[in-house]
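Examination of the molecular architecture
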Amino acid sequence: MSQIVRDDGLLRRTPWFYSLVGTGLVLVLGGFLTGSVLLGHSWFQLLIAAGLGILFTQVAFVAHEAAHRQILSTGPANDRLARALAAVVGMSYSWWDSKHSRHHANPNRVGRDPDIEVDTISFIEEDASTAKGLRRLITRRQGWLFFPLLTLEGINLHFLSFRHLFSRGQVKGRWAELGLLALRFTLLLAPLFWLLPVGMAFAFLGVQLAVFGLYMGATFAPNHKGMPVIARGAKLDFFSKQVRTSRNIAGGWWATWLMGGLNYQIEHHLFPSMPRPRLAKARQIVREHCRDLKVPYTETSLWRSYGIVIAYLNRVGLAARDPFECPITAQYRRA
């Protein structure tokens, strides 16, 4: 399968595509800035804020692709581009790259994949059962609370990035990233609080962060949540491990634009350096290979995937609820 992919040229760079995407993002940003100046002290500024949340997520998709060496011809050049784009979004590239690399090596593996480690949400019963206090209350209904909580994910990503950069020990590119992030927040916050009333400026920032967090989380959640979780000691070959734990989202070109190519999650995990425009053709090759090997290939609609994620998280959250107690047993215990 890998040989077929290489022979078909599906790993070749597509500079024309990313040039168009980059130009489009810059033009949209220019339009937002112009619109914001023209609107002045109007609550319609919140529409610009929501648009910026969407724009920053699209920039994050391109940063993700640069980190996977999909855009430029050399590794160092892609790293520099990814670091700069991550700063535009307000994230630490070194923090994200380390976390994401571990995820790709062991998707959905307990103890190895940081994306299923407990945070506010528990992704495995073992973590849900240990929840205490406020987290326990959230965990009990975490499936229904998942998407509302994503509105806080933008703040969480900024917090985790700065915590990483100010942590002890070696951090690759620490000062470069701190400088880029300081510049980013200065360019965003200074004009915002200078040109708008304080209340409107805070509302603008809140909407931008909420839309950014919701969009990011809603894009990444369907990819693996609710798919098989690999036990700590289980042994799987690379192909089975990547395919069985990943889920594609049907929809074609609109899903590709909406999700930055992550709708082809299976192909992305098998060929992380494959550019976004090549993934659709790779899907045909991978599906055929899975049929030959009788390996399950999971693909569903976007809305169906959200239903699966909610149901899965609610099922995991049962471990945080009080166990059922038989009334007769309780009566004898009191006696």
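Note that the structure is predicted; figures quoted are calculated from it, not measured.

Definitions and limits used
- Residues numbered from 1 in each chain as written.
- Predicted model: local features only at pLDDT ≥ 70, side-chain atom pairs only at ≥ 80, totals over all residues.
- Heavy atoms only, no water.
- Helix = DSSP H or I, 4+ residues; strand = E, 2+ residues; numbered from the N terminus.
- Rg over C-alpha atoms; globule rule 2.2 N^0.38 Å.
- Buried < 20%, exposed > 50% of the residue type's maximum accessible area, 1.4 Å probe, protein only.
- Areas by Shrake-Rupley, 256 points an atom, 1.4 Å probe, with all protein chains shown as cover.
- Lys, Arg positive; Asp, Glu negative; His and termini not counted.
- Charge placed at Lys NZ, Arg CZ, Asp CG, Glu CD.
- Core = buried A, V, L, I, M, F, W, Y, C linked by side-chain atoms within 4.5 Å.
- Contact = heavy atoms within 4.5 Å.
- UniProt positions renumbered as here; feature names shortened; annotations may be inferred.
- Polar contact = N/O pair within 3.5 Å; in protein donor to acceptor, adjacent residues only side chain to side chain.
- Salt bridge = Lys/Arg side-chain N within 4 Å of Asp/Glu carboxyl O.
- Patch = residues over 30% accessible without salt bridge, like charges linked within 9 Å, V, L, I, M, F, W, Y side chains within 5 Å.
- Axes fitted to C-alpha atoms, helices over the stretch in contact; angles between N-to-C directions.
- Parallel < 35°, antiparallel > 145°, perpendicular 65-115°, else oblique.
- Left-handed = near helix turned anticlockwise from the far one by under 90°.
- Nonpolar A, V, L, I, M, F, W, Y, C, P; charged D, E, K, R; others polar.
- Expected span 1.5 Å × (residues − 1).

With respect to the overall build of the protein chain
- For the protein chain, the count of helices and strands is 17 helices and two strands.
- Relative to the globule expectation of 20 Å for 335 residues, the C-alpha radius of gyration of the protein chain, 22 Å, shows essentially globular dimensions.
- In the protein chain, which comprises 335 residues, the proportion classed as buried is 48%.
- In the structure as shown, the protein chain presents an accessible area of about 17,100 Å², 65% of it carried by carbon and sulfur atoms.
- Averaging the coordinates of the 38 positive side-chain charges in the protein chain and doing the same for the 21 negative ones gives two points 2 Å apart.

What to know about the nonpolar core
- With 36 residues, the main nonpolar core has M91, F204 and F212 as its most contacted residues.
- Residue assignment for this core shows that the elements contributing at least two residues are α2 (15-39), α3 (45-67), α4 (75-89), α5 (93-105), α9 (153-165), α10 (174-195) and α11 (198-224).
- By residue number, the principal contributor to this core is α3, which donates eleven residues.
- Ignoring sequence-local partners within four residues, the contact set of F212 consists of G53, F56, T57, V89, M91, G154 and L157.

Regarding the UniProt feature "domain: Fatty acid desaturase" (unreviewed entry) in the protein chain
- Here, the residues flagged by UniProt with the feature "domain: Fatty acid desaturase" (unreviewed entry) are residues 42-300.
- Between the end C-alpha atoms of residues 42-300 the distance is 41 Å, and the span holds 65% helix and 2% strand.

Considering the side chain of T256
- One can find T256 in helix α13 (residues 253-259).
- Among the polar contacts listed, one links the side chain of T256 to the side chain of N263, at a separation of 3.1 Å.
- Each residue touching T256, except ones within four places of it in the same chain, is listed here: G261, N263, Y264 and R276.

Topic: unusual backbone geometry
- Backbone geometry places N108, a non-glycine residue, at a positive phi of 60°.
- With respect to the element layout, N108 can be found in the loop between α5 and α6 (125-128).
- The phi angle at K294 is positive, at roughly 60°, despite the residue not being glycine.
- The residue K294 is located in the loop between α15 (279-293) and β2 (299-300) in this model.

Some details on the pattern of salt bridges
- Inspection of every chain in the model, using the stated rule, returns seven salt bridges.
- Where E299 meets R283, a salt bridge forms, and the shortest distance between an N and an O atom there is 2.8 Å. With a gap of 16 residues between them, E299 in strand β2 and R283 in helix α15 connect regions that are remote in the sequence.
- With a shortest N-O distance of 4.0 Å, R287 and E299 are connected by a salt bridge. Of the two residues, R287 is situated in helix α15 and E299 in strand β2; the sequence distance between them amounts to twelve residues.

Here's the deal with a nonpolar patch on the surface
- A surface patch of nonpolar side chains, amounting to about 490 Å² of accessible area, comprises W253, W254, W257 and L258.
- Among the secondary structure elements, W257 is positioned in helix α13.
- Note on W257: relative accessible area 43%, which makes it partly exposed.

Describing the packing of α3 against α4
- Running from N to C, α3 and α4 cross one another at 160°; their axes reach a closest spacing of 8 Å. Comparing the axis directions of α3 and α4 gives the class roughly antiparallel. Handedness of the α3/α4 crossing: left-handed. On α4, the residues touching F56, V59, A60, V62, A63, A66 and A67 of α3 are N78, L81, A82, L85, A86, V88 and V89.
- Class assignment of the residues belonging to the contact of α3 with α4 gives a composition of 13 nonpolar, one polar and no charged.

What about α11?
- Taking 1.5 Å of rise per residue, the 27 residues of α11 would be expected to cover 39 Å, and the 40 Å separating its terminal C-alpha atoms lies within 8% of that figure.
- With its phi angle positive at about 90°, G226 sits one or two positions after the end of α11.

Some points on the environment of R136
- Inspection of the secondary structure assignment puts R136 in helix α7 (residues 133-140).
- Sequence-wise, R136 and A319 are 183 residues apart; in three dimensions their C-alpha atoms are separated by 9.6 Å.

Points about the side chain of K241
- In this structure, K241 sits in helix α12 (residues 238-244).
- One buried charged residue, K241, remains without a salt bridge, the closest side chain of opposite sign being D237 at 8.7 Å.
- In this structure the side chain of K241 is engaged in a polar contact, spanning 3.0 Å, whose partner is the backbone oxygen of A105.
- The contact partners of K241, leaving out residues within four places of it in the chain, are A105, N106, P107, R109, I230 and L236.

Here's the deal with the UniProt feature "transmembrane region" (unreviewed entry) in the protein chain
- Residues annotated in UniProt with the feature "transmembrane region" (unreviewed entry) correspond here to residues 16-37, 43-61, 144-166 and 202-222.
- With 100% helix and 0% strand, the stretch residues 16-37 has end C-alpha atoms that lie 32 Å from each other.
- The distance separating the terminal C-alpha atoms of residues 43-61 is 29 Å; by composition the span is 89% helix and 0% strand.

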